[in-house]
2 protein chains.
Amino acid sequence: MAKVKKQPRPKALPPKGFRDYFGEDVTARKSMLDAIAAVYHQYGFEALETPAVETVEALGKFLPDVERPNEGVFAWLEEDKDWLALRYDLTAPLARVFAQHRNDLPTPYRRFAMGPVWRNEKPGPGRYRQFYQCDADTVGAASMAADAEMCAMLADTLEKVGIDRGDYIIRVNNRKVLEGVLEAVAEAVVQRPDEPPDFYDNMSEWQANILRTIDKFDKVGEIGVRELLGDGRRDASGAYIDGIGLEPAQVEPVIAFLTSKGANNTATLANLSAAVGSSEVGMEGVRELEQIAKLLTAQGYGPDRIEIDPSVVRGLGYYTGPVYEAELTFEITDDKGRKQQFGSVAGGGRYDDLVKRFTGQAVPATGVSIGVDRLLAALQAKGRMSSKSVGPVVVTVMDRDRMADYQTMVAKLRKAGIRAEVYLGNPKNFGNQLKYADKRNSPVAVIQGGDELERDVVQIKDLILGAKIAENATLEEWKSLPSQYEVPRGDLVTKVREIIALHEAD
Amino acid sequence: MAKVKKQPRPKALPPKGFRDYFGEDVTARKSMLDAIAAVYHQYGFEALETPAVETVEALGKFLPDVERPNEGVFAWLEEDKDWLALRYDLTAPLARVFAQHRNDLPTPYRRFAMGPVWRNEKPGPGRYRQFYQCDADTVGAASMAADAEMCAMLADTLEKVGIDRGDYIIRVNNRKVLEGVLEAVAEAVVQRPDEPPDFYDNMSEWQANILRTIDKFDKVGEIGVRELLGDGRRDASGAYIDGIGLEPAQVEPVIAFLTSKGANNTATLANLSAAVGSSEVGMEGVRELEQIAKLLTAQGYGPDRIEIDPSVVRGLGYYTGPVYEAELTFEITDDKGRKQQFGSVAGGGRYDDLVKRFTGQAVPATGVSIGVDRLLAALQAKGRMSSKSVGPVVVTVMDRDRMADYQTMVAKLRKAGIRAEVYLGNPKNFGNQLKYADKRNSPVAVIQGGDELERDVVQIKDLILGAKIAENATLEEWKSLPSQYEVPRGDLVTKVREIIALHEAD
């Protein structure tokens, strides 16, 4: 091995786009994921944990002609000439696992998975290169009951973690309906005199163009999509964006599809039927949505929770059948005091070609992925997650030689279920000990110096009340609200518990 | 981007040395880690989650002259010329975090961390390249009270997860005592006539040789270490291993150190005092052990749980002060019926130069790491973890058109807290539905065909009893132990609950 050169000191920073999570940030996410896992488990889903590292080949990003596989993943060449990569989602590893173990796993295989994924993308504000995903998928079930179950489970999950009914809506759409619409568009072809006759030869490219345009519906609305499907559009910056050149007659079915949401599911389904015309696949898609709506209604999931909504376009290009998305409907106030809709926190759909890459056989699958960070932020905005944890009781050190004694006090507090610790820094400066307790957000400090030892008492300082008094109190209040108590040592646990209970009730 | 060549089908396998965890494997580990986290939290430790990826520079493996950094880590060169790597432990990221945030973090900073780490090593049986670590560290506390606390917390943790008192022992040693012994060895130098006078010029190399030899004490015992410190040793395979060439007079202090464990801590400490002679650092080490022993005794952690034991050598080369190790003392029977000691499940110690690489300043720190997989295996061996979970109740599908009805049954069961699901595969073959329930380890299957619907009843099949009967029962028993019940549909939840409760009591 080469000799180590003398190095300058390393920078104490994580790589760009990566971050640390401290204390409550870790435990709040954990408790949310625990609640989600409990619902998934109740629904019969089994946990699966795959490694962070997969072969690039299994992930499906293998491009043999380029030096480095797809830019979107973190990948490296191992010495044995294998390209390895960090997983970029939890679905690709599920496909690998199902293909590998399909003879041993129960079918349908219901599994959930939670964990970090990595994207080798340009980081930005609030945009990290490692983040959590939380997925549930049912592999091997062609029945629409599996899709309906996903929607119902998603509703139950949101309510379980603390999103009230009425504060969210789950919208369902179907890629097959859109395909029916595309067939209707193709039928509406009117040859332009100046276009070559093979204008629509490449159907898949032509469909991809329409899909990409539809994807902008959320941003540019109906008029924008009309323009982009047709001749083009001047955007807010003044730049002109070319349209994809559909005839006006061809634009109509697409717009009919996107705006077909009616007063209720029945009305919506009737509009969709009209939009797909006689297209086989389109009618199949409408029937699938009908089944999902029927199953959910029978179980009491009404349109206050789940509805058919053809304006849901996210993922329509990726999925092969039903598509669903959960949106939070309450407003939050952003940093600048502006009100904003919270927006999407989960989405999913049916993708029937999951395992085909590995086995050659199509396996029907449907699944949902929760945006962990967004949902957590929503819960915090709703005050459903305390953003600051209560720190430990701090037993201060007045006499270095009596450390064992202080640790015995701490042990008693812990045995009583109270989070507690002895101050382990240099005890010389007592002010530092109280500053430490403050930084830890401690509710209580315990003090026993030589004088207190002689009288077998302890001083118990209510730090929360103390802080409040220091902030707001008048002299009168300050006198009438003592924040420090002297109690017999035997009453240590009782008094500390009393103070903590007092503030919990605040 | 280059064009994608037509590829053969990818192999459905994880990379070599990586594995998947299914169902109970995931939840058992999670519940153990939850229990550990609860103890750490109670002790005042805060959670910290750092990213999986660090710069190689921050991890401290940067070797600029070689194509690829240290073989032990998974590392890759990013396009912006940064070497990134997967963390190989949780301590190096802690050092980076503390250096980065030292002005904002409370000092002492007590943190715990749990998560996967990665080693780019040759995989072997039971040896994976991704595994869990679970660490607690106190940074910024020079006091031996911090080390004593680690030992106490480790004892509490082991008992909390299900290792009974008496089934484990935590052993404490001290690197400084060993250093004192090395000084005593140096003083015992007798110049050999055939050695150049600068034989001991390179003290650090010489000490490193002794440390490496001591490290083999666990394997080769006292006699083996004597030989390896002296002229050499013929190992079991017949190969001769060169010794490091100490004089017999120099070997004695080392052996005295390793074998100085007495009948109790007081006796051990007296033996250690003798072994270090007049060495300053050695005496300091003995005093530190004395303090730890005193603190632990005062808190009631007697030698049945924690003891001074100078034969603990693992980590002595790495740590700078006290070193501790938790060993499970019960025997397990291995695959081949042989009894074996379970051995070490956790270890740690003091390392006072953690942050120095980054800041130039030494910061005292002490910490412990639990071998998650080993501890989990121990709990499973002790029957403390169920190795097979109970699957969901499966509501079978007799009539495809009544899916909504079956899902309503499932929803009722779930609402009653019972894990349940409807069969989502192709319902045509009823036998497949029961095979599925069997594979899921379901306790109960629910059946309602047209006949039962007419009479408003359901069939409830006790699958656990059914399996038992199928295995063992005589015809008489088979008749007297019905495993299928017909109940009014309104009694569905009650009857299912009754059957599950029956088997839980088994």
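As shown above, the structure is provided for reference.
Residues numbered from 1 in each chain as written. Chains lettered and ligands numbered in written order. Predicted model: local features only at pLDDT ≥ 70, side-chain atom pairs only at ≥ 80, totals over all residues. Heavy atoms only, no water.

The secondary structure content of chain A amounts to 18 helices and 19 strands. Computed over its C-alpha atoms, the radius of gyration of chain A comes to 30 Å, more than 25% above the 23 Å expected for a compact globule of 506 residues. Referenced to the eigenvectors of the C-alpha coordinate spread, the extents of chain A come out at roughly 105 × 65 × 55 Å. The burial tally for chain A puts 53% of its 506 residues in the buried class. In chain A, once contacts between residues fewer than 6 apart in sequence are set aside, the share between residues at least 24 apart is 68%. For chain A, the exposed area adds up to about 22,800 Å²; of that, 50% sits on carbon and sulfur atoms. In chain A, 65 positive and 76 negative side-chain charges are present, and the distance between their average locations comes to 7 Å. (Helix = DSSP H or I, 4+ residues; strand = E, 2+ residues; numbered from the N terminus. Rg over C-alpha atoms; globule rule 2.2 N^0.38 Å. Buried < 20%, exposed > 50% of the residue type's maximum accessible area, 1.4 Å probe, protein only. Contact = heavy atoms within 4.5 Å. Areas by Shrake-Rupley, 256 points an atom, 1.4 Å probe, with all protein chains shown as cover. Lys, Arg positive; Asp, Glu negative; His and termini not counted. Charge placed at Lys NZ, Arg CZ, Asp CG, Glu CD.)

Turning our attention to the side chain of Glu46 of chain A. Following the sequence through the fold, Glu46 of chain A ends up in strand S2 (residues 46–49). Within polar-contact distance, the side chain of Glu46 of chain A engages the side chain of Arg440 of chain B at 3.1 Å. Non-local contacts of Glu46 of chain A, meaning those with residues more than four positions away in its chain, are made with Arg110, Arg111 and Phe112 of chain A together with Gly23, Ser389, Arg419 and Arg440 of chain B. (Polar contact = N/O pair within 3.5 Å; in protein donor to acceptor, adjacent residues only side chain to side chain.)

Relative to the helices and strands, Ala12 of chain A is located in the segment before strand S1 (21–22). Each residue touching Ala12 of chain A, except ones within four places of it in the same chain, is listed here: Arg96, Ala99, Gln100 and Phe358 of chain B.

Between chain A and chain B, the superposition needs a rotation of 180° and an axial shift of 0.0 Å, giving an RMSD of 0.2 Å. What we have between these two chains is a two-fold relation. Proximity to the rotation axis, assessed at the C-alpha, singles out Trp76 of chain A in chain A; its C-alpha lies 2.9 Å from the axis. The fraction of interface residues of chain A whose copies in chain B are also interface residues reaches 100%, indicating that both copies meet through the same surface. (Least-squares fit on C-alpha atoms with pLDDT ≥ 70 in both.)

Grouped together as the largest cluster of nonpolar side chains are 132 residues, with contacts concentrated most on Val496 of chain A together with Tyr40 and Leu375 of chain B. Those residues in contact with Leu375 of chain B that sit more than four places away from it in its chain are Met32, Ile36, Leu158, Val161, Ile163, Val345 and Ile370 of chain B. Ranked by size, the runner-up nonpolar core spans 131 residues in total, among them Leu105, Ala275, Ile306 and Val355 of chain A. (Core = buried A, V, L, I, M, F, W, Y, C linked by side-chain atoms within 4.5 Å.)

On to the pattern of salt bridges, then. Charged atoms that come close allow side chains of opposite charge to pair. All names here are of chain B. Counted under the stated rule, the structure contains 70 salt bridges over all chains. Its salt-bridge partner being Arg305, residue Glu159 comes within 3.8 Å of it at the nearest N-O pair. Pair noted here: Glu159 is in helix H4 (residues 144–161) and Arg305 is in the loop between helix H10 (280–298) and strand S11 (306–308), with a separation of 146 residues, a long-range link. Overall, Glu159 belongs to the partly exposed group, its relative accessible area being 25%. (Salt bridge = Lys/Arg side-chain N within 4 Å of Asp/Glu carboxyl O.)

This part covers the interface of chain A and chain B. Listed as interface residues are 110 residues of chain A and, on the opposing side, 110 residues of chain B. Buried surface at the junction of chain A and chain B, summed over both partners, amounts to about 9,400 Å²; 54% is from carbon and sulfur atoms. For the pair chain A and chain B, the interface holds 14 salt bridges. The salt bridge involving Glu46 of chain B is made with Arg440 of chain A; its shortest N-O contact spans 3.0 Å. Among the elements that take part in the side of chain A that touches chain B, helix H1 (residues 24–42) of chain A stands out by supplying seven residues, more than any other. Looking at the side of chain A that touches chain B, its residues break down into 53 nonpolar, 24 polar and 33 charged. Sheet topology places S1 of chain A next to strand S2 (residues 46–49) of chain B; two bridges connect them, and they run antiparallel. The residue of S2 of chain B that forms the bridge with Phe22 of chain A is Leu48 of chain B. (Buried area = accessible area lost by both parts, 1.4 Å probe. Nonpolar A, V, L, I, M, F, W, Y, C, P; charged D, E, K, R; others polar. Pairing = 2+ DSSP bridges.)

Residue and element names in this part refer to chain A. Neither face of strand S17 (residues 444–447) is open: one carries Val444 and Val446, the other Ala445 and Ile447, and all of them are buried. Sheet analysis places strand S15 (residues 393–395) next to S17, joined by two bridges and oriented parallel. Its bridge partner lying in S17, Val394 is registered against Ala445. Judged from the four bridges that link them, S17 and strand S18 (residues 457–462) form a sheet pairing that is antiparallel. Counted as the bridge partner of Ile447 is Gln459 from S18.

Before going further, it helps to examine the environment of Ile447 of chain A. Residues and elements named next belong to chain A. Along the chain, Ile447 falls in strand S17. Ile447 sits in the buried class, given a relative accessible area of 8%. Look past the residues within four positions of Ile447 in its chain and what remains in contact with it is Thr396, Met398, Phe430, Glu452, Val458, Gln459, Lys461 and Gln484.

Residues and elements named next belong to chain A. Running from amino to carboxyl end, H1 crosses helix H12 (residues 372–381) at an angle of 105°, the nearest separation of the two axes being 11 Å. It follows from the interaxial angle that H1 and H12 lie roughly perpendicular. The segment H1 lies against H12, with Ala28, Arg29, Met32, Leu33 and Ile36 engaging Val372, Leu375, Leu376, Leu379 and Gln380. Residue composition of the contact of H1 with H12, grouped by class: eight nonpolar, one polar and one charged. (Axes fitted to C-alpha atoms, helices over the stretch in contact; angles between N-to-C directions. Parallel < 35°, antiparallel > 145°, perpendicular 65-115°, else oblique.)

Let us now look at helix H10 (residues 280–298) of chain A. An α-helix turns once every 3.6 residues. As a result, residues three or four positions apart point the same way. Residues and elements named next belong to chain A. Here H10 contains 19 residues, and its C-alpha end-to-end distance of 27 Å stays within 8% of the 27 Å for a straight helix at 1.5 Å per residue. Along H10, the residues classified as buried are Val281, Gly282, Gly285, Val286, Glu288, Leu289, Ile292, Ala293, Leu295 and Leu296. Its side-chain oxygen at 3.0 Å from the backbone nitrogen of Gly282, Ser279 defines the N-terminal cap of H10. Gly300, located one to two residues past H10, shows a positive phi value of around 90°. (Expected span 1.5 Å × (residues − 1).)

Attention now goes to the packing of aromatic side chains. Pairs of aromatic rings are described using the distance from one ring centre to the other and the angle between the two planes. In this structure the tally under the stated criterion is 21 aromatic pairs over all chains. Arranged with centres 5.9 Å apart and planes meeting at 50°, the rings of Trp76 of chain A and Phe74 of chain B form a pair that is tilted. Pair noted here: Trp76 of chain A is in strand S4 (residues 75–77) and Phe74 of chain B is in the loop between helix H2 (56–59) and strand S4 (75–77), and the two residues belong to different chains. Taking relative accessible area as the criterion, Trp76 of chain A reaches 2% and is therefore assigned buried. Centroid distance Tyr40 of chain B to Phe45 of chain B: 6.4 Å. Interplanar angle 45°. Geometry classified as tilted. Assigned by exposure class, Tyr40 of chain B and Phe45 of chain B land together as buried. Each residue in the set Phe18, Phe74 and Trp76 of chain A together with Phe18, Phe74 and Trp76 of chain B is aromatic and connected to the rest through ring pairs, giving one cluster. Lying across the ring of Tyr21 of chain B, Arg29 of chain B places its NZ or CZ 4.7 Å from the centre. (Phe/Tyr/Trp six-rings, centres within 6.5 Å; stacked < 30°, edge-to-face > 60°. Lys NZ or Arg CZ within 6 Å of the ring centre and 35° of its normal.)

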